[in-house]
Amino acid sequence: MSGQYMLRVVNLSKFFGYGFLGRVKFPAVDNVSFDMEYKPRILTIAGESGCGKSTLARMILGILEPSEGAVIYKERNIQALKSKEKKWFYREVQAIFQDPYDTFNPLKKVDRYLYETAGNLLDLKDARKAQDIVDTCLRRVGLSLDEVKGKYPSEFSGGQLQRVSIARALISEPKLIVADEPVSMIDASMRMNILNMFKEFKEAEEISFIYITHDLATAYYISDDIAIMYRGVIVEMGPADEVLLKRYHPYTKALIEALPEPSKREDWLTRKVKPPGMEVKEFIMPGCKYVDICPYREDICEEKKPPMFDVGNVKTACWLYK
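Residues numbered from 1 in each chain as written. Predicted model: local features only at pLDDT ≥ 70, side-chain atom pairs only at ≥ 80, totals over all residues. Heavy atoms only, no water.

(A) Geometry of the sheet that holds strand β11 (residues 309-311). Pairing is mixed across the open sheet formed by eight strands, whose spatial order is β6-β7-β8-β3-β9-β10-β12-β11. Of all the strands in the sheet, just β6 (93-96) and β11 have a single pairing partner and so form its edges. Looking at each pair of strands side by side, their axes are set apart by 20° on average, direction ignored. When strand β3 (residues 42-46) meets strand β8 (residues 208-213), the two strands line up parallel, connected through five bridges. Bridge assignment links I42 to a residue of β8, and that residue is F209. (Pairing = 2+ DSSP bridges. Helix = DSSP H or I, 4+ residues; strand = E, 2+ residues; numbered from the N terminus. Axes fitted to C-alpha atoms, helices over the stretch in contact; angles between N-to-C directions.)

Shown next, in the form of structure tokens:
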């Protein structure tokens, strides 16, 4: 096995335009770096809507091209992969998205997607063998080919269709699955089932996950490691227990403090965190992006972006720890 890390995200940024003709650029993802070792882990990337976590996920999947930096998977820059290498990458790294109804064409039978995935990624020509693999993957998520065969997406509940999405991702026997808000549109009774599947797949099949969410309760339940994002940057990252219980960064502390009081969420977001739909100017601040509402701010916070400081087992982007 070459290299220490399965995945390396290196100084990754993505700029989008705004203003007249989009001439002014702002970083939706701003110089993000992290590594994942070969041992199976669940890394959660958490933050409020609009913080850049889905943009980051799409760059890791190769759907979006970075403006700066690189995504290195098993020592290969995914932006430089040739055609055959891309097929290898798509077998190894799979995606599960937020809305299962957007994943499937409403006019196409669901089982056709599963057969096509088996044929395209595994080069299966034998229809019987493809059926066996599809049925096996469906059974791993609590379904079967008989339940799915010949049906359209509209004939499934959201939870059922998301399980079909998971089965589809399992067909190629991936080593990494990027799950972008996979349970946010699923009813509560099914959420824990899906999260428990992820934990089971990690343990039994040694699949690593990058779990994208705004829900810190599910993040705490499922994560080995967690990265907290704010305005395009990772402000804190490390073992989930230490990040969520120690709360070194002021934003992490503010994000978690109000969780027991959901009735006050909107007021808390406005005062402490900033609501979704943050202004573009807040992404291009020269210093710490949390400075305008941080109770601990100093002059240096306005002038210079903080690096990641080691605090215990956690890395925290805050000048408090200089």
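(B) Spatial organisation of the side chain of E242. In this structure, E242 sits in helix α10 (residues 240-246). Notably, E242 is buried but unbridged: the nearest opposite-charge side chain belongs to K246, and the N-O separation is 6.3 Å. Polar contacts involving the side chain of E242 include one to the side chain of N313, which spans 3.2 Å. When sequence neighbours within four positions are dropped, the list of residues in contact with E242 reads R247, Y248, V311, G312, N313 and V314. (Buried < 20%, exposed > 50% of the residue type's maximum accessible area, 1.4 Å probe, protein only. Lys, Arg positive; Asp, Glu negative; His and termini not counted. Salt bridge = Lys/Arg side-chain N within 4 Å of Asp/Glu carboxyl O. Polar contact = N/O pair within 3.5 Å; in protein donor to acceptor, adjacent residues only side chain to side chain. Contact = heavy atoms within 4.5 Å.)

(C) Region of the structure containing the environment of L56. Looking at where L56 falls in the secondary structure, it is placed in helix α1 (residues 53-60). Its relative accessible area of 0% is what places L56 among the buried residues. Here the alpha-carbon distance between L56 and D135, two residues 79 residues apart in the chain, equals 32 Å.

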